[in-house]
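# Survey of secondary and tertiary structure
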Amino acid sequence: MYTTDLRTAEEKAKDAKLKVPTKEEGEEAFQARIDADEYIEPKDYMPDAYRKTLVRQMSQHAHSEIVGMLPEGGWVTRAPSLKRKIILTAKVQDEAGHGLYLYSAAETLGTSREEMLNQLHSGKAKYSTIFNYPTTSWADVCTIGWLVDGAAITNQIPLCRCSYGPYARAMIKVCKEESFHQRQGYDGLLEMMKGTDAQKRMVQDSFDRWFWPSLMMFGPPDSDSAHSSQNMAWKIKRFSNDELRQRFVDATIPQAEFLGIKLPEQVKWNEETKHYAFGELDWDEFWAVVKGDGACASNRMDARRKAIADGKWVREAATAYAEKQRAAVRAAE
Ligand code: FAQ
């Protein structure tokens, strides 16, 4: 009799004992790996929902990095000194690098960069609400470094231990660079607070506008956070939105006091909890900005679409050049 099965009788007996795991068994084994603090790598088994929520979060994170370049990029030519221009240029380039690591890490989950960018430009994918607020003064650029990068670090340090290996590894370098960003922003504000009354007013005005939106970067309150409980079980998230927000407030208020900033009346030290209380955030504003109502939302997407259209010839030229190089290598073989 004709057969394509070339296994020996011994191999057949061994294979017969192996059984294909059911979906439930696969998910149980996956959760056991997570519980044992193992990293999940691209070719490992993972539930579809784990893959989906990671693509959602990582692409949103990557989009935030590249959209975040826009408000700061607009200030490079207006930075007050050569030193500040150089620092700001380096920071904006770092953000582009963060976007690249994150898109590359997200691509390991099987979604192409082009697809992720299409989702951003069509409005299907989100990016951080913070970048829909206007950057109206030089103090705003420094405040972004101090508060926005500060909030980003608070959120991202736990992501260095997130269960998905490529995301966790990307976060290590990102966090190192964000620390430099935070310090340069704070340094810029310290210098302004040693300056004229007009400069001091500029810093205070900037803090008043950016403080509350920076607290919203941590997402909705835990009670309204759709993804938190599952993502904490999967160790994508290690701390809840509210825990990280409180951690950020506790670290930031003494820094604001050192700068000489007047704090909002809601911010008060609570001797019992040993934390700063800060009252309720304006969650209506948050959800409106999430849904695209932010002051700069349409500008940001126009700028992104223009960048994609303007860069088309560069991508085509780079692809043609790479193809030419490959052809030369093939011809030499
Ligand atoms: N903006 O269930 P949750 C930076 C959405 S990087 C917009 O709590 P999750 C660097 C959320 O997507 C800043 N949407 O969601 C830089 C979900 O909607 P969906 C970005 C938000 O994922 C500095 C819905 O609300 N960092 O700044 C926001 O468990 C300076 C329900 O929320 C990251 O992305 C928001 N703020 O927790 C660059 C870090 N918050 O997707 C330039 C990674 C929530 O179901 C200059 N991401 N939503 O339609 C995370 O850690 C998480 O995704 C959270 C949200 C904490 C942001």
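Looking only at helices and strands, the protein chain features 13 helices and two strands. Viewed in the frame of its principal axes, the protein chain has a C-alpha envelope of about 95 × 60 × 30 Å. Within the protein chain, contacts between residues separated by at least 24 positions form 76% of all contacts whose residues are at least 6 apart in sequence. Within the structure as shown, the protein chain displays about 18400 Å² of accessible surface, and the carbon and sulfur contribution to it stands at 57%.

To continue, consider the side chain of Ser225. One can find Ser225 in the loop between α8 (197-216) and α9 (228-233). Take Ser225: its relative accessible area is 14%, and that puts it in the buried class. Within the structure, the side chain of Ser225 is placed 2.6 Å from the side chain of Ser228, a separation counted as a polar contact. Each residue touching Ser225, except ones within four places of it in the same chain, is listed here: Pro220, Lys237 and Asn241.

For Asp37, which is not glycine, the phi dihedral falls at a positive 60°. Since its relative accessible area comes to 47%, Asp37 is described here as partly exposed. Non-glycine residue Lys274 carries a positive phi angle of around 65°. The topology assignment puts Lys274 in the loop between β1 (268-270) and β2 (275-277).

In the region of the ligand, 36 residues are neighbours, and Gln60, Lys126, Ser225, His227 and Lys237 sit closest. Residue Arg56 places a side-chain N or O atom 2.9 Å away from an oxygen atom belonging to the ligand. Between the ligand and the protein, one listed contact pairs an oxygen atom with a side-chain N or O atom of Gln60 at 2.9 Å. Considering every element that reaches the shell around the ligand, the biggest residue donor is helix α3 (residues 48-73), with eight residues. Looking at the shell around the ligand residue by residue, the class counts come to 14 nonpolar, 13 polar and nine charged.

What follows concerns the environment of Ala49. Note on placement: Ala49 falls in helix α3. Measuring from C-alpha to C-alpha, the distance between Ala49 and Ser229 comes to 13 Å, with 180 residues separating the pair along the chain.

The contact between helix α4 (residues 82-107) and helix α5 (residues 113-121) brings their axes to 9 Å, and the two run at 115°. The pairing of α4 with α5 is recorded here as roughly perpendicular in orientation. Together, Leu100, Tyr103, Ser104, Ala106 and Glu107 of α4 and Arg113, Met116 and Leu117 of α5 make up the contact between the two elements. Of the residues belonging to the contact of α4 with α5, the class tally is five nonpolar, one polar and two charged.

Inspection of every chain in the model, using the stated rule, returns 13 aromatic pairs. Between the aromatic rings of Phe30 and Tyr45, the centroid separation amounts to 6.3 Å while the plane-to-plane angle is 80°, which identifies the pairing as edge-to-face. Here Phe30, found in helix α2 (residues 23-35), pairs with Tyr45, found in the loop between α2 and α3; they are 15 residues apart in sequence, far enough to count as distant. Here Phe30 falls in the buried class, since its relative accessible area comes to 2%. Overall, Tyr45 belongs to the partly exposed group, its relative accessible area being 42%. Ring geometry for Trp283 versus Phe286: centroids 5.4 Å apart, planes at 85°, classification edge-to-face. Of this pair, Trp283 and Phe286 both sit in helix α11 (residues 283-293), separated by three residues, roughly a single helical turn. With a relative accessible area of 13%, Trp283 lands in the buried category. An aromatic cluster is built from Trp146, Tyr186, Phe207, Phe211 and Trp212, whose rings are joined through pairwise contacts. The aromatic ring of Phe239 is capped on one face by Arg247, whose charged end is 4.3 Å from the ring centroid.

Conventions and cut-offs
- Residues numbered from 1 in each chain as written.
- Predicted model: local features only at pLDDT ≥ 70, side-chain atom pairs only at ≥ 80, totals over all residues.
- Heavy atoms only, no water.
- Helix = DSSP H or I, 4+ residues; strand = E, 2+ residues; numbered from the N terminus.
- Contact = heavy atoms within 4.5 Å.
- Areas by Shrake-Rupley, 256 points an atom, 1.4 Å probe, with all protein chains shown as cover.
- Buried < 20%, exposed > 50% of the residue type's maximum accessible area, 1.4 Å probe, protein only.
- Polar contact = N/O pair within 3.5 Å; in protein donor to acceptor, adjacent residues only side chain to side chain.
- Near = heavy atom within 4 Å.
- Nonpolar A, V, L, I, M, F, W, Y, C, P; charged D, E, K, R; others polar.
- Axes fitted to C-alpha atoms, helices over the stretch in contact; angles between N-to-C directions.
- Parallel < 35°, antiparallel > 145°, perpendicular 65-115°, else oblique.
- Phe/Tyr/Trp six-rings, centres within 6.5 Å; stacked < 30°, edge-to-face > 60°.
- Lys NZ or Arg CZ within 6 Å of the ring centre and 35° of its normal.

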